[in-house]
Amino acid sequence: MKEHNLADLEAAFNEKLKQDIRIEPKDWMPDAYRKTLIRQISQHAHSEIVGMLPEGNWITRAPNLRRKAVLLAKVQDEAGHGQYLYSAMETLGASREESIDDMHTGKAKYSSIFNYPTLTWADMGAVGWLVDGAAIMNQVPLCRTSYGPYARAMVRICKEESFHQRQGYEIMCTLMKGSEEQKAMAQDALNRFWWPALMMFGPSDADSTHTQQSIDWKIKRHTNDELRQMFVDATVPQAELIGLTIPDKDLKWNEERGHYDFGEINWDEFWQVVSGNGPCNAERIATRLKAKEDGMWVREAAMAHAEKKKAKKAS
Ligand code: BYC
């Protein structure tokens, strides 16, 4: 490409960003912008699909029909979110097959949170309340992300995430109105999921490799630490309202800042989980690989059918 052409294209791209006009699939975009989007959207899609596993684990054990129907709907929504996001990623020229294979080999990441086990029914409450709550905090600003197909997918996803968060909080509210044993179960779930939920927002700003560039490109609208703080500020009063205690001895309202101060995250644990050594990483990938193998005959049958139809049409 001629140099002056490239400069013109770059200028047009930057002008669009400046004016908050969405970048669309056929628009020119810098290679690094495309690469960053493919990385983030695919990681997001993989998170939705792997995110079905810890909750899918409880569908057959939900305590009643209503809880079962709601949980089933939530897990199905997550499959849908994965589909929208893979489609958004494909508009950037990336291959869904290859991207999924990259997740299976550990080359592509998915959210650290889904590498923790769901041990009791209260975990369905904690996951909905905290994990979906953190997801909404992170994802609402993504409805204004600069890449059109990603932003549009996020609008629908956020509406559903909001229902997910409420179903989780409602489970926690119900348990906190129950027996001492149920209250203890809810507190235990909060104890186990609180810190991993804070880790979902990613490394602290000082250690985040991509944030500044992604903010310049208006892919991210807030830094990791800003969103984490917003989540803590919104969630602490919800815990207090129903009698739960946040497992952080350093948690304190800071009048001057107008925010809660909170304790240091165990970043060693975060990086261990991100690099594949969390409690359930191996199990999650093995489950996804088995699903791929088990579904192979369906894909092969569909391809054979399509070929047969094509041949019939041609003859
Ligand atoms: N887990 O420079 P940074 C959901 C990686 S919700 C694993 O700050 P960035 C759901 C990061 O990829 C969860 N890896 O990166 C909810 C990078 O590594 P690479 C999914 C993480 O991209 C309920 C490195 O650390 N949500 O799906 O600017 C039910 C440095 O980080 C994590 C999304 O994906 C982590 N927690 O910011 C079911 C939202 N954090 O790629 C499903 C969209 C960081 O250089 N994504 N890393 O090897 C984002 O908003 C951003 O990508 C992040 C990270 C805030 C997550």
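Treat the numbers as computed from the prediction; the structure is a model and nothing was measured.

**Student:** What is the right way to look at unusual backbone geometry in this model?
**Tutor:** For residues that are not glycine, phi is negative in most cases, and the peptide bond is trans in most cases. Located in the positive-phi region is aspartate 20, a residue other than glycine, with phi close to 60°. Position of aspartate 20 among the secondary structure elements: in the loop between α1 (3–18) and α2 (31–50). If you check the backbone angles, lysine 218 has positive phi at about 60° while not being a glycine.

**Student:** Please clarify how the packing of helix α8 (residues 180–199) against helix α10 (residues 224–241) should be interpreted in this entry.
**Tutor:** The relative placement of two packed helices comes down to the angle between their axes together with the axis-to-axis distance. Contact geometry for α8 and α10: axes closest at 9 Å, N-to-C directions at 145°. Contacts between α8 and α10 pair Trp194, Ala197, Leu198 and Met199 from the former with Arg228, Phe231, Val232 and Thr235 from the latter. Looking at the contact of α8 with α10 residue by residue, the class counts come to 6 nonpolar, 1 polar and 1 charged.

**Student:** Is there a simple way to explain the packing of aromatic side chains in this structure?
**Tutor:** Each aromatic ring pair is summarised here by two numbers: the centre-to-centre distance and the angle between the ring planes. Applying the stated criterion to the full structure yields 10 aromatic pairs. Seen in terms of ring centroids, phenylalanine 13 and tryptophan 28 are 6.2 Å apart; in terms of plane orientation they differ by 85°. Their pairing is edge-to-face. Within this pair, whereas phenylalanine 13 is found in helix α1, its partner tryptophan 28 is found in the loop between α1 and α2, the two being separated by 15 residues in sequence. Note on tryptophan 58 and tryptophan 121: the rings are 6.3 Å apart at their centroids and 65° apart in plane angle, and the pair reads as edge-to-face.

**Student:** In this structure, what is going on with the site of the ligand? I would like to understand it.
**Tutor:** Taken together, 33 residues surround the ligand, and among them Gln43, Lys109, Ser208, His210 and Lys220 come closest. Serine 112 is positioned such that a nitrogen or oxygen atom in its backbone is 2.9 Å from a nitrogen atom of the ligand. Taken by itself the ligand offers 1000 Å² of open surface, and the protein chains cover 92% of this. At the level of secondary structure, the elements contributing two or more residues to the shell around the ligand comprise α2, α6 (122–139) and α11 (267–277). In terms of residue count, α2 provides more of the shell around the ligand than any other element does, 6 residues in total.

**Student:** Would you mind going over helix α12 (residues 281–294) with me for this structure?
**Tutor:** An α-helical turn contains 3.6 residues, so a residue and the one three or four places further along point in the same direction. With 14 residues, α12 extends 20 Å from end C-alpha to end C-alpha; this agrees with the ideal 20 Å at 1.5 Å per step. Along α12, the residues classified as buried are Asn281, Arg284 and Ile285. For α12, the angular spread of buried residues about the axis comes to 95°, placing them on one side. Opposite the buried face of α12, by more than 90 degrees, sit the exposed residues Ala282, Lys290 and Glu293. Of the surrounding secondary structure, the elements contacted by the buried residues of α12 are α2, α3 (52–56), α5 (96–105) and α11.

**Student:** Quick question: what am I supposed to make of the nonpolar core here?
**Tutor:** A general feature of soluble globular proteins is that nonpolar side chains tend to end up buried together. If you look at the biggest cluster of nonpolar residues, it comprises 75 residues, and the most contacted ones within it are Tyr33, Ile41, Leu130, Tyr147, Phe231 and Leu244. Ranked by residue count, the leading element in this core is helix α7 (residues 148–176), at 10 residues. In contact with tyrosine 33, other than residues within four places in its own chain, are Phe13, Ile23, Ser146, Tyr147, Trp217 and Ile219.

**Student:** Is there a simple way to think about α10 in this case?
**Tutor:** In a regular helix each residue adds 1.5 Å, so 18 residues correspond to 26 Å; α10 covers 26 Å between its end C-alpha atoms and thus fits that length. Within α10 the residues assigned to the buried category are Asn224, Leu227, Arg228, Gln229, Phe231, Val232, Asp233, Thr235, Val236 and Ala239. The elements touched by buried residues of α10 are α6, α8, α9 (211–216), β2 (259–261) and α11. Of the residues trailing α10, glycine 243 is marked for its positive phi of about 85°.

Cut-offs and rules
- Residues numbered from 1 in each chain as written.
- Predicted model: local features only at pLDDT ≥ 70, side-chain atom pairs only at ≥ 80, totals over all residues.
- Heavy atoms only, no water.
- Helix = DSSP H or I, 4+ residues; strand = E, 2+ residues; numbered from the N terminus.
- Axes fitted to C-alpha atoms, helices over the stretch in contact; angles between N-to-C directions.
- Contact = heavy atoms within 4.5 Å.
- Nonpolar A, V, L, I, M, F, W, Y, C, P; charged D, E, K, R; others polar.
- Phe/Tyr/Trp six-rings, centres within 6.5 Å; stacked < 30°, edge-to-face > 60°.
- Near = heavy atom within 4 Å.
- Polar contact = N/O pair within 3.5 Å; in protein donor to acceptor, adjacent residues only side chain to side chain.
- Areas by Shrake-Rupley, 256 points an atom, 1.4 Å probe, with all protein chains shown as cover.
- Expected span 1.5 Å × (residues − 1).
- Buried < 20%, exposed > 50% of the residue type's maximum accessible area, 1.4 Å probe, protein only.
- Arc of directions from axis to C-beta.
- Core = buried A, V, L, I, M, F, W, Y, C linked by side-chain atoms within 4.5 Å.

Taken by themselves, the reported measurements are silent on function.
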